[in-house]
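Structural characterization, general
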Amino acid sequence: MAKKKEEEIKIPLRLNILFFIVFIMFAVLIIQLGIVQILHGQSFQEEIDRTIQDISKKPVPRGKIYDRNGKILVDNKPLYAISYTPPKRVQHDDKLELAEQLLPFLSVDESMIKRLTKRNKQEYIYLKNKEEIHGRLTDAEKEALNDVEQYKLALEKITDEEIEALTEEELKVIAIKRELDKAYALTPEIIKNDNISIEEYARIAEHLSELPGINATTDWEREYIHGDTLKSILGSITTQEQGIPAEEEDYYLTRGYNRNDRVGKSGLEQAYEDVLRGRKEQILYTTTKEGKVIDSEVIVEGERGKDLVLTIDIDYQKKVDEIVMNELKKARSQLPGPNRYLEDALAVVMNPKTGEILALSAVHYNREKNEYELAPHKVFYDAHRPGSTVKGATVLAGLQSGLIQPGQVFIDRPIKIAQTPTKASYARLGPVNDIEALKRSSNVYMFYIGLRFGGEFRHPFPDNSGAKYNPEGAQKMRNYFHQFGLGVKTGVDFTYESTGFVGDAKYPGNLMDLGIGQYDTYTTIQLAQYVSTIANGGYRVKPYLVKEIRYPSVDDELGPIYKVNHPKVLNKIDVDPSYLKRVQTGFWKVFNEPGGTGYNYWKGKSYKPAGKTGTAENEVYLPDANGKYRKVADTQNLALVGYAPFDDPEVAFAIIVPNLGDVRGQYQINHHIGTQIMDAYFEQFDGKEEEEETEA
Amino acid sequence: MFKSRQSHYLHLDLILFLLFFIVISLLAINNAQQLGQYNDNFVVKHLVFYMLGIMLAAAIQFVDLEQLYKTSFYLYILGVLSLVILHFSPESIAKPVNGAKSWFNNLPFISIQPSEFTKLFLILFLAYLIFRHQQKYAQQTIASDLWLIAKIFGVTLIPAFFIWKQPDLGTTLVFFFIAGILIILSGVDWRLIAVILTTGIAAATAAVLLIVNFPDFAQNVLKIEPHQINRVLTWFDPSSQDSNDRYHLDLSLMTVGSGQLTGKGMNSAQVQIPEAHTDFIFAIIGESFGFVGGAVVILVFFLFLYRLVILGMKSAEFSPYASYICYGFFALILIHTFQNIGMTIGIVPITGIPLLFISYGGSTTLSTMMMFGIIYRIATEQSKQESFLFN
C-alpha cells in the first residue's frame, strides 16, 4: 500500500515539473513572438514595402546622313520586327514554353538552326526531362557536387543519340529560345527582324495577348543609298549580334549603351557616334522584391539620332568619282607596260575659303580581283611624294625667312656638289626669278633656297665643292611648310588622317629635295589645304565633311539646326601679302602663260584657274620569293594642285596619282583629272554659287 | 446533480477548443492562399477533412475504452505494416514529395501519409504496454524499470526506423519525444531517467557540435543528409549560410514580423511563403492577426495541454491506460506546437512537422481528430467515474 501511495505522489510531482517546463517553453515562444513582431515588426514591414526601381532603355533609330543639298546618303530602312521584353526573374521553363508558343507564328530560318550549339540542345533536352536526366546522376555525385556542378554533369550525361533524335520542330523551338535568351530583364530585344512577312507579322500581332513579353514592333536597318560611293567615308555600324565593341565595353556602358546596341565602327558613323546615336527612351520600372512590375514611368523621352548634313555634293561627288575612275583606267590601258604598278588615283575638291570638302575621291585598282574600287578614305590615309606642287610653299618659306628677296634671281643650271649626284631641273632654264621659277617649275631655284636653309649662300654654286650644311635647316623649312598644312594634321573631322613620312634629312641633298616635294610625303587632303591657303590669301582653314547637325524630323524634310560647323581658320601665314601675291601670280602663269608647265592643258579656261604641277620620282618595292622587299621599278608620281577663279577662288583641288611609269610621253593623268573636275564643277555650280554666298 | 449527469457526454471546454482551432485554421488557410499561388481552394478541402474527422471522432464515442485497449496491439501492427508497405512501394503509388517518400499518392482521389496515423497508434500501444507492464510487475525494481524502458524503446524504434528512412527526421524525433515523455510519466526510477536524460542530452549536444564543427565528417561518415546539416547550421549561426533554409527563415520572419502588434487583418497577405498553408501556417496567423492573435493561439494550445494533463491525472484513478494515452497525446501536441511555432519564429531549426489542428493536411487532420475523439471519450469516462465516486 505504501508503494501505491508513493506512486500517487511521484507522478503528479513529475507532471508538475514537466508542466513547469512546458510553461517555460511556451513563455519562450511568446517572448520570441513579441521580439519578432513588436520589436522588429516595423523593419520587416519596411523590407516588404521596399521596392526596386530599374531603368530600362529602349533603343531609337540612328540619325540619317544627307549631302549639302539635303539629298539622303544614309537612311534607316524600316523592318518588321518581333521583340521580346523579359520580366524580371524569368525562368528557363517559362522561356521554353514561350518559344513553343511562338513556333506556329514564327518562321525559323535554316541559318538560325545551324547556329545552335550542342549546349543549346543539351539544355533543351534537360529542361524537357529534368527529373529523368537528373536521375542519371549517382547518389555519390549528387552528394559530392553543388547544384551548378550537378547541372553541368547532368548535361554531359545526355547522349549524342538523344541530340540526334531531336526533331525539326524541336530544333526550331531551341532556335527561338536561343533568341529569347539574349534578352535582358525589362529590356526589349529584337528576336527577329529579317525575312518577316507581313502575314507572319500580322499573325503575331493578333496573338500578342497569349505571348507574354512579345511585341510586334519595327526595327531598322542602315541603308547606304549610293552604294559604294563614299562608303569608306560614311563608315559602318556594328550588327546587333556584335553589339558594342568588346575592347571598349566600359567606355560604351558608362555612356548608357546596352550590350546589343549598334554603334558606329568606322568613318563618320564612328566619328559622329555621339550625335547619330540619339537619345534612348528611358522607362523607370518599379518592381516588388518578387519582381512584379507595379509602376512604369517614362522619365526620358526617346529621340531619334540627329542627322548629319555633309559638305559633300553627292551629284558632284559621283561625277568626280567617274572622272577619276575613267582616267585611272585610261592611264592603265594606254601604257599597260610602264603603268603596271599604277594602282591609285586620289583627288580632293574643297572650298578654299571655308574648308568645306565638296568631293573626295580615290579609286583603287584591286590587282587580285582585277577590279576598280572606290576607297575615298585614302585621301586621308595615303601619303605620297607630291613633287613640285609644294614649290609655292618653298618660295614662300624663302621669302618669309628673308633668305631670298622678292624678284630674287638664281641661275638655273645643274648644281654639282661633291660626292652627290648632280641635281638639276628638267632643262637648263637660265636665270629665273621667283615667279618664273614657279611658272616653269625650276628645281634649281628651290635647291638654292634649300641650300640657304642649310647655311650655304654661294651662288652660283661652284661645281664639285662641298656645301655647308646645318641639319637644323630642314626643321626650319618644315616649320614653314607646316603653316600650310604640309606634314601636320589638317584637322579634318574624320576618324583618322595620316601626316606622312618625315625623313631625317642628314645631307644637304635631302633638304634640297624637300624643297621640290621629293623627300617628305603628304596626303591629298594636306595638299588641298596647302593650295587653299595660297588661294585664300594665307589662311589655313580646317577641312571638314559635316556642315551641320540637324534635329531629327518626322517627315522627309530636314529638321531644325542643332549645330553648324563653322569654317575654322587654324592659322594665318605671317607674311607680307605682296609675297603671297607673287606665289599666286606664279601659279597663274603655270596654267595661263605659254611656257607654264600646265599651259597646254589649262589655256583658255574661262574660270581663270591657277595651280602648280608636280612630278616626283618614286620607286616601287615588292617582296621577292624570300619575303625581302626589293626595288622592282622606277616610277613617278603625278600631282596637281590648283584653284579657281584666280581673283576670287571658290574651289580648290589636289590630285595625286602615284607610281606611273617613268617614261617619256607619259599620260598626264593629273591634268586630265584636274581639267575635267574643274570643268564639271563650273558646269554644275556656275551662277549657283552667287546664291550661296549671299546666304552665307 | 442533474446538471453533472447531463455533462457526462458534453464537454463544452473541449468543444470550444476544437471550434477555436477550426475557425483559426480556416481563416489562416484562407489568408495563406490570398496571393493566388495555388490552384486549389484549400479552405473547402480542409473543411471537408474536418467534417470527416468530426464524424470519425463521433464514431469513436461508441467505442469502449476496454475495446480500445484490446485493439491497441493490432492498431500498432497496422501502423507499422503501413510504413513497411510504403517503404517497399514502387514510385507509381508512392512518389517522393520534396525528396521524402512519406505518402501513398497517385491513388485515385486520396493520398495518405501513414506516419501520421502510426503516431496515434504508437501512443495507444505504448499506453497499453506500460499498463500491462505495471500490472505484471507490481513490485517495481530497477530491473523491471529497465525492462519497461527497453520495451518502450523497442516498440518505438520499429516505426521510427522506417520513418527515418523516408527520410523524415522531424517525425522520427517526435516519436522518440513521445516515448521519452511516457517513460518519465510511467513512474520508472528517477535515477534511470536521469541517466537516460543525461545520455540523451550529451548525445544531442555532441551531434550538434559535430555537425557545426565537422559538417563534412557528419555528411560523409555518419551519412546525415546534407539538408539536415544545413538546417542545423542555419539555426546555429544564421549568418553563416546562404542556403534555401536561410531563405525560408527570412521569409517566415518577415511574414510573422510584419504582422506587428495587431496584424494586417483578413485577406491582406503580402509575402509569398512556400508551404504557407501547411508547415508555415503560423507565419500567416502572425501576419494576419499580429502578436495578439499569435499569443492567443499559443495560449489556447497551452490551456489545451493543461486540460490534457489534468484529464490524465484524473483518469489515472480509474484507468492508468487512459491516463497514459492522455500523456502521450500531451507529448505529441506539445512537441508539434513548440517545434512548429518555434521554427516559424526562428528559435528551433526548420523541420517539416505541421501545427496540429491548424495546418492543412488530410492525414494529419484525420489522425488528429481521431485523437481528439479518444480524448473526448476519456473525458466522458472520467466524468462518469467522477460522478460514481461522489454519488
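Scope of this entry: the structure provided in the associated data block.

Reading the values: the criteria
- Residues numbered from 1 in each chain as written.
- Chains lettered and ligands numbered in written order.
- Predicted model: local features only at pLDDT ≥ 70, side-chain atom pairs only at ≥ 80, totals over all residues.
- Heavy atoms only, no water.
- Helix = DSSP H or I, 4+ residues; strand = E, 2+ residues; numbered from the N terminus.
- Buried < 20%, exposed > 50% of the residue type's maximum accessible area, 1.4 Å probe, protein only.
- Contact = heavy atoms within 4.5 Å.
- Areas by Shrake-Rupley, 256 points an atom, 1.4 Å probe, with all protein chains shown as cover.
- Polar contact = N/O pair within 3.5 Å; in protein donor to acceptor, adjacent residues only side chain to side chain.
- Patch = residues over 30% accessible without salt bridge, like charges linked within 9 Å, V, L, I, M, F, W, Y side chains within 5 Å.
- Salt bridge = Lys/Arg side-chain N within 4 Å of Asp/Glu carboxyl O.
- Axes fitted to C-alpha atoms, helices over the stretch in contact; angles between N-to-C directions.
- Parallel < 35°, antiparallel > 145°, perpendicular 65-115°, else oblique.
- Nonpolar A, V, L, I, M, F, W, Y, C, P; charged D, E, K, R; others polar.
- Pairing = 2+ DSSP bridges.
- Phe/Tyr/Trp six-rings, centres within 6.5 Å; stacked < 30°, edge-to-face > 60°.
- Lys NZ or Arg CZ within 6 Å of the ring centre and 35° of its normal.
- Expected span 1.5 Å × (residues − 1).
- Left-handed = near helix turned anticlockwise from the far one by under 90°.

This part is about the overall build of chain B. A tally of regular secondary structure across chain B gives 14 helices and 0 strands. Listed N to C, the secondary structure of chain B is α-α-α-α-α-α-α-α-α-α-α-α-α-α in terms of helices and strands. Taken across its 391 residues, chain B has 54% of its residues classed as buried. Considering only contacts in chain B between residues 6 or more positions apart, those separated by 24 or more positions represent 69%. Of the roughly 17300 Å² of accessible surface on chain B, a fraction of 68% belongs to carbon and sulfur atoms.

The next subject is the side chain of A:Thr635. Residue and element names in this part refer to chain A. The topology assignment puts Thr635 in strand β23 (residues 629-644). At 2.8 Å, the side chain of Thr635 and the side chain of Asn659 are in polar contact. With sequence-adjacent residues up to four places away left out, Thr635 is seen in contact with Ala616, Glu617, Asn618, Glu619, Val620, Asn659, Leu660 and Asp662.

On to a nonpolar patch on the surface. Residue and element names in this part refer to chain B. Together, Val44, Leu47, Val48, Met51, Leu52, Ile54 and Met55 make up a nonpolar patch on the protein surface, roughly 600 Å² of accessible area in all. As for its position among the elements, Met55 is in helix α3 (residues 42-60). For Met55, a relative accessible area of 55% corresponds to the exposed category.

The subject of this paragraph is the packing of helix α23 (residues 524-535) of chain A against helix α24 (residues 577-592) of chain A. Packed helices, taken two at a time, are described by the angle their axes make and the gap between the axes. Residue and element names in this part refer to chain A. Packing of α23 against α24 leaves a shortest axis separation of 9 Å and a crossing angle of 115°. On the basis of the axis angle, α23 is roughly perpendicular to α24. Residue-level contacts link Tyr530, Val531, Ile534 and Ala535 of α23 to Leu580, Val583, Gln584 and Phe587 of α24. Taken together, the residues that form the contact of α23 with α24 break down as 7 nonpolar, 1 polar and no charged.

This part covers the pairing of strand β8 (residues 281-287) of chain A. All names here are of chain A. Of all the 7 residues making up β8, 5 are buried; the element is thus mostly covered by neighbouring parts of the structure. Pairing between strand β1 (residues 52-58) and β8: 7 bridges, direction antiparallel. Each bridged residue has a counterpart across the sheet, and for Lys58 the counterpart in β8 is Glu281. Here 6 bridges tie β8 to strand β9 (residues 293-300), and the two strands are oriented antiparallel to one another. Of the residues in β9, the one forming a bridge with Ile283 is Val298.

Moving on, we get to the sheet that holds β9(A). Residue and element names in this part refer to chain A. Strand order in the open sheet made by the 3 strands is β1-β8-β9, with antiparallel pairing throughout. At either end of the open sheet lies a strand with only one pairing partner, and these are β1 and β9. Taking the axes of each pair of neighbouring strands and ignoring which way they run, one obtains an average angle of 25° across the sheet.

Two numbers describe a pair of aromatic rings. These are the distance of the centres and the angle of the planes. Across all of its chains, the model carries 48 aromatic pairs over all chains by this definition. Taking 5.6 Å as the distance between ring centres and 90° as the angle between the ring planes, the aromatic pair formed by B:Phe304 and B:Phe357 counts as edge-to-face. Placement of the pair is B:Phe304 in helix α12 (residues 281-315) and B:Phe357 in the loop between α13 (320-344) and α14 (362-390), with a sequence separation of 53 residues. Side by side, B:Phe304 and B:Phe357 carry an identical accessibility label, which is buried. By the ring-pair criterion, three or more aromatic residues cluster together here, those being B:Phe17, B:Phe20, B:Phe21, B:Phe301, B:Phe304, B:Phe357, B:Phe372 and B:Tyr376. Here A:Arg332 stacks its cationic end above the ring of A:Tyr365, 3.9 Å away from the centre of that ring.

Attention now moves to helix α8 (residues 190-213) of chain B. Residue and element names in this part refer to chain B. Compared with an ideal rise of 1.5 Å per residue, which puts 24 residues at 34 Å, α8 spans 34 Å between its outermost C-alpha atoms and is within 8% of the ideal. When we look at burial in α8, the residues that qualify are Leu192, Ile193 and Ile211. By the N-cap criterion, in which a side-chain oxygen at the helix start approaches the backbone nitrogen of a residue two or three places on, α8 is capped by Asp189, the distance to Arg191 being 2.9 Å.

Here we take up the pairing of strand β3 (residues 72-84) of chain A. Residue and element names in this part refer to chain A. Bridge count for strand β2 (residues 65-66) against β3 is 2 bridges, and the pairing is antiparallel. Across the sheet, the residue bridging to Tyr66 is Ile72, located in β3. The antiparallel pairing of β2 with β3 creates a hairpin that spans 5 residues between the two strands, and Gly70 there sits at a positive phi of about 80°.

A separate point is the packing of helix α16 (residues 314-334) of chain A against helix α26 (residues 669-685) of chain A. All names here are of chain A. Interhelical geometry of α16 versus α26 gives an angle of 160° and a closest axis separation of 10 Å. On the basis of the axis angle, α16 is roughly antiparallel to α26. In the packing of α16 onto α26, the handedness of the crossing is right-handed. Contacts from Asp315, Tyr316, Lys319, Val320, Ile323, Val324, Glu327, Leu328 and Ala331 of α16 reach α26 at Ile669, His672, Ile673, Gln676, Ile677, Ala680, Tyr681, Gln684 and Phe685.

Residues and elements named next belong to chain A. Taken together, the 6 strands give an open sheet; going across it, the order is β13-β12-β11-β24-β23-β22, and neighbouring strands pair in antiparallel fashion. Two strands bound the open sheet, and with one partner strand each, they are β13 (371-374) and β22 (610-623). Strand-to-strand twist of the sheet, defined as the mean angle between neighbouring strand axes without regard to direction, takes the value 15°. Pairing of strand β11 (residues 344-350) with strand β24 (residues 651-661), which is carried by 5 bridges, proceeds in the antiparallel orientation. In the strand pairing of β24, Val348 is matched with Ala654. The strands touched by α16 within the sheet are β11, β12 (357-366), β13 and β24, with β12 carrying the most contacts at an inclination of about 30°. Contacts from α24 reach β22 and β23 within the one sheet, and its direction differs from that of β22 by about 80°.

The values reported here are purely geometric and, on their own, carry no functional implication.
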